[in-house]
Amino acid sequence: MKKISFIIPCYNEEENVVRLHSALDRFTQETFEVNDVRMDMKNFEWEFLFVNDGSKDDTLRALRNLRREDARVSVLNLSRNFGKESAMLAGLDYASGDAAVIIDADLQHPLEVVPEMIYWWERGYDDVYGQRRSRGKESRIRKVLSLSFYRMLGKMSDIDILPNVGDFRLLDRRAIRALTQLRETQRYMKGLYCWVGFNKKAVEFDTADRQVGESNFRLTRLLNLAIEGITSYTTSPLRIATVSGLIVSLCAFIYLIYILVKTLVWGEVVAGFPTLICVILFLGGMQLLALGIIGEYIGRIFNETKGRPPYLIESFNEENQN
Ligand code: UDP
Ligand code: MG
């Protein structure tokens, strides 16, 4: 019997985890029909691996209560809040299934599409990812920003990162093994899924609205994630600095020749002060921007050279501590 792990990163989700657990429990007893094939979820062994990412509310206690009732529940407790990306890595490290399904704790990812994911997994796909048909309740600005971000990132790197594709996906052991080999501390999972490759398959779904509580991702946090995404995935911003430097120097050179010729032919003219200020400010801005971009990368180098683990475990299923 094949075993499938659900990996559920949780941060302040005390109400959601209980709901999710009963939804999962119901799900594992159901039978679905995918492309005219009957799929009985009882034919699989299940593991519900909840990763408590340093929640400040009673999520941990709720999880431990669930574990007491249901042996399929595993509780991985991180020592503090490491962020969803690291929490997912922790989950992948500790998942014991032949495949793992990463799912949000807030019930935004519909379980009904999981059988379809399993269907494709059984037919040889290693990474069956959920693709959002609609994005649920979300502010318009966030929608626009995130779509333009993906477009920009796609242009900047060789490998396309698909828009409307998140962490909701089923991963085969092969893909899990590959992903857990990538130990960078500043992680951008969406890029890593693409980077590892393997056979991929899209499954469409509609995002539900968040059940309880608010999204943990504020706009600033999303902006940070975007910068993270770009700097961890591609070095092309550095090239932007080089190219724009080249272009500006070229313009400056042409302008220099123009002035030279003008002076020689018509004699000296009084230099324009505003022009001067504009050029100085423009160049100053460009230099600061380029420095900032370089700084982003140096910061990343700094963080990675420390070689710290991406997360620390406080306890796993209470008994074995490390
Ligand atoms: N999450 C986490 N650590 C964090 C922030 C979020 O483990 O620091 C989890 C959260 O509990 C949820 C998932 O990541 O299961 C997605 O978070 P959220 O719903 O806030 O994000 P959104 O759906 O708005 O992208
Ligand atoms: Mg959510």
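Up top is the structure these notes are about.
Just so we're clear, the structure is a prediction, and the values are computed from it rather than from any experiment.

Trainee: Sorry, what's going on with the pattern of salt bridges here?
Mentor: Think of it this way: side chains of opposite charge can pair up when their charged atoms draw near. Scanning all chains against the criterion turns up nine salt bridges. Two residues, Asp 126 and Arg 174, come together in a salt bridge whose shortest N-O distance is 2.8 Å. In this pair, Asp 126 sits in the loop between helix 4 (114-122) and strand 7 (127-134) while Arg 174 sits in helix 6 (residues 173-181), placing the two residues 48 residues apart along the sequence. Judged by its relative accessible area of 40%, Arg 174 is partly exposed. The salt bridge involving Arg 169 is made with Asp 127; its shortest N-O contact spans 2.9 Å. Taken together, the residues Arg 169 in strand 8 (residues 165-172) and Asp 127 in strand 7 connect sequence positions 42 residues apart. One continuous salt-bridge network, built from bridges that share partners, spans Asp 25, Asp 70 and Arg 72.

Trainee: Mind showing me how you'd approach helix 7 (residues 189-196) here?
Mentor: The periodicity of an α-helix, 3.6 residues per turn, causes residues three or four places apart in sequence to face the same way. Taking burial as the measure, the eight residues of helix 7 include seven buried ones, the bulk of the element. Where helix 7 ends, the next residue or the one after it, Gly 197, has phi of about 75 degrees, a positive value.

Trainee: Just checking my understanding: could you explain the packing of aromatic side chains for this structure?
Mentor: One pair of aromatic rings is described through two measures. These are the centre distance and the angle between the planes. For the coordinates displayed, the defined rule picks out 11 aromatic pairs. Ring centres of Phe 6 and Trp 46 lie 5.6 Å apart, and the angle between their planes is 20 degrees; this geometry places the pair in the stacked category. Of this pair, Phe 6 sits in strand 1 (residues 3-10) while Trp 46 sits in strand 4 (residues 45-52), placing them 40 residues apart in sequence. On the basis of relative accessibility, which here comes to 6%, the residue Trp 46 falls in the buried class. Centre to centre, the rings of Phe 27 and Trp 46 are 5.6 Å apart; their planes meet at 70 degrees, and the pair counts as edge-to-face.

Criteria and thresholds
Residues numbered from 1 in each chain as written. Chains lettered and ligands numbered in written order. Predicted model: local features only at pLDDT ≥ 70, side-chain atom pairs only at ≥ 80, totals over all residues. Heavy atoms only, no water. Salt bridge = Lys/Arg side-chain N within 4 Å of Asp/Glu carboxyl O. Helix = DSSP H or I, 4+ residues; strand = E, 2+ residues; numbered from the N terminus. Buried < 20%, exposed > 50% of the residue type's maximum accessible area, 1.4 Å probe, protein only. Phe/Tyr/Trp six-rings, centres within 6.5 Å; stacked < 30°, edge-to-face > 60°.

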